[in-house]
Amino acid sequence: MLIAPSVLSADFGNMAEAVIEVKAWGGDIIHCDVMDGVYVPNITFGMPMIKAIRKNTDLPVDVHLMITKPERYVGAFCDAGADIVTFHPDASEDVQGALDIIKSKGKKCGLVVNADVDFDIVVPYLDQIDLLVIMTVQAGFGGQSFKPECLDKVRTGEKLRNEHEYKYLIEADGGVIEDNIATCKEAGVDIAVAGSAVFRSKDPRKTIETMHNC
Ligand code: DX5
Ligand code: ZN
């Protein structure tokens, strides 16, 4: 199980330090939650923050766009240093166009299925994405309670991947903690986003180690 700490739960006043610590604690990926206050009722940061994070890590930078019409900005997030750009297809007016831009930049692309969205929305694109993100909370905030029913979408994603030999990895995003990560793994999760579980931990290194070995 790869662990992708979400910097949404980090100290924004010391983001460079937080990103450096994630690597020191054994984190595998930096998960960056971009929110526009329209698709979700919260606003976080944009391309300048991704540039700043990029300067302070050699870990993969996984940018999760919770913004409307992401096709407008996927290219700019690639240029800012993202290695992976994922977005919500229900927020997009041109899903294929957005995926094509990310791929044209030589980056990995992914789609995100929000907690209140059916899995069907991503089916037409499963043959071309590198990452399938299943929200296990409703997008918008860190520190929410895990929604176990969302794991049914993980199971569907794994079943289709096996049947069609798709290449994507499956990421669970939201409310993942030490107590539920084994259930995530059993369902087929490859990468677990962990924001509050890591940044609110008394011993983040131990937390990541426990989650790695679930
Ligand atoms: C929520 C974000 C998640 C969140 C995870 O909209 O997409 O990545 O930051 O934080 P925790 O692990 O605290 O739920
Ligand atoms: Zn996220």
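No experiment lies behind these values; they were computed from the predicted model shown.

Caption draft 1: Region of the structure containing the coordination of the zinc ion (ligand 2). Within the protein, the zinc ion (ligand 2) binds to His-31 (NE2), Asp-33 (OD), His-64 (ND1) and Asp-173 (OD); these donor distances fall in the range 2.1 to 2.3 Å. Between the six donor atoms coordinating the zinc ion (ligand 2), the angles at the centre fall across 73 to 174°, so the site counts as octahedral. Read in sequence order, the donor residues coordinating the zinc ion (ligand 2) give the pattern H-x1-D-x30-H-x108-D. On the criterion of sequence distance, the pair formed by Asp-33 in strand β2 (residues 30–35) and His-64 in strand β3 (residues 61–66) is long-range, its members being 31 residues apart. In terms of burial, Asp-33 and His-64 fall into one category: buried.

Caption draft 2: Looking closely at the site of ligand 1. Taken together, 20 residues form the shell around ligand 1, and within it Gly-140, Asp-173, Gly-175, Gly-195 and Ser-196 come nearest. Here Gly-143 contributes a backbone N or O atom positioned 2.9 Å from an oxygen atom of ligand 1. Here ligand 1 has 380 Å² of accessible area as a free molecule, and 100% of this is covered by the chains. Going through the elements one at a time, β2, β3 and β8 (191–194) are the ones with two or more residues in the shell around ligand 1. Broken down by element, the residue count for the shell around ligand 1 peaks at three residues, all from β2. Looking at the shell around ligand 1 residue by residue, the classes come out as eight nonpolar, 10 polar and two charged.

Caption draft 3: Just the pairing of β2, in detail. Burial of β2 is extensive: six of the six residues sit out of reach of the surface. Alternating positions in β2 separate into two faces, Ile-30, Cys-32 and Val-34 on one and His-31, Asp-33 and Met-35 on the other, with burial throughout. Direction of pairing for β2 relative to β3: parallel, over a ladder of six bridges. The residue bridging Asp-33 from the neighbouring strand is His-64, located in β3. In this fold, β2 hands off to helix α2 (residues 47–55), which returns the chain to β3; that crossover is right-handed.

Caption draft 4: Geometry of the layout of surface pockets. Space inside the largest pocket adds up to approximately 160 Å³. Leu-2, Asp-28, Ile-29, Pro-60, Ile-84, Lys-108, Asp-130, Leu-131, Lys-167, Tyr-168, Leu-169 and Ile-191 are the residues that line the largest pocket. Per-class residue counts for the lining of the largest pocket are eight nonpolar, no polar and four charged.

Caption draft 5: Quick look at empty space enclosed by the protein. As enumerated under the stated definition, the model contains one cavity of 30 Å³ or more in all. Of the voids in this model, the largest cavity is the one considered here, and its volume is about 200 Å³. If you trace the largest cavity, you find 22 residues lining it, with Asp-33, Phe-141, Gly-142, Asp-173 and Gly-174 closest to the centre. For the lining of the largest cavity, the secondary-structure elements that each account for two or more residues are β2, β3 and α7 (196–199).

Caption draft 6: Structural context of the pairing of strand β6 (residues 131–135). Burial analysis of β6 places five of its five residues in the buried class, which makes it a mostly covered element. Because side chains alternate across β6, one face comprises the buried residues Leu-131, Val-133 and Met-135, and the other comprises Leu-132 and Ile-134, equally buried. As judged from the four bridges shared by strand β5 (residues 108–113) and β6, these two strands associate in the parallel manner. Within the sheet, the bridge partner assigned to Val-113 lies in β6 and is Ile-134. In terms of strand pairing, β6 meets strand β7 (residues 169–173) through five bridges, oriented parallel. Across the sheet, Leu-132 pairs through a bridge with Ile-170, a residue of β7.

Calculation criteria
- Residues numbered from 1 in each chain as written.
- Chains lettered and ligands numbered in written order.
- Predicted model: local features only at pLDDT ≥ 70, side-chain atom pairs only at ≥ 80, totals over all residues.
- Heavy atoms only, no water.
- Donors = N, O, S within 2.8 Å, 3.2 Å for Na, K, Ca; no water.
- Tetrahedral: all angles 85-135°; square planar, octahedral: opposite > 155°, others 65-115°.
- Helix = DSSP H or I, 4+ residues; strand = E, 2+ residues; numbered from the N terminus.
- Buried < 20%, exposed > 50% of the residue type's maximum accessible area, 1.4 Å probe, protein only.
- Near = heavy atom within 4 Å.
- Polar contact = N/O pair within 3.5 Å; in protein donor to acceptor, adjacent residues only side chain to side chain.
- Areas by Shrake-Rupley, 256 points an atom, 1.4 Å probe, with all protein chains shown as cover.
- Nonpolar A, V, L, I, M, F, W, Y, C, P; charged D, E, K, R; others polar.
- Pairing = 2+ DSSP bridges.
- Right-handed = clockwise from strand over helix to strand, strands pointing away.
- 1 Å grid on protein atoms, 1.4 Å probe; cavity = no way out; pocket = protein on both sides within 12 Å on 5 of 7 lines; lining within 4 Å.
- Points joined across faces, edges and corners; volume = space filled by probe spheres on them.

None of the figures reported here should be taken as evidence of function without further support.
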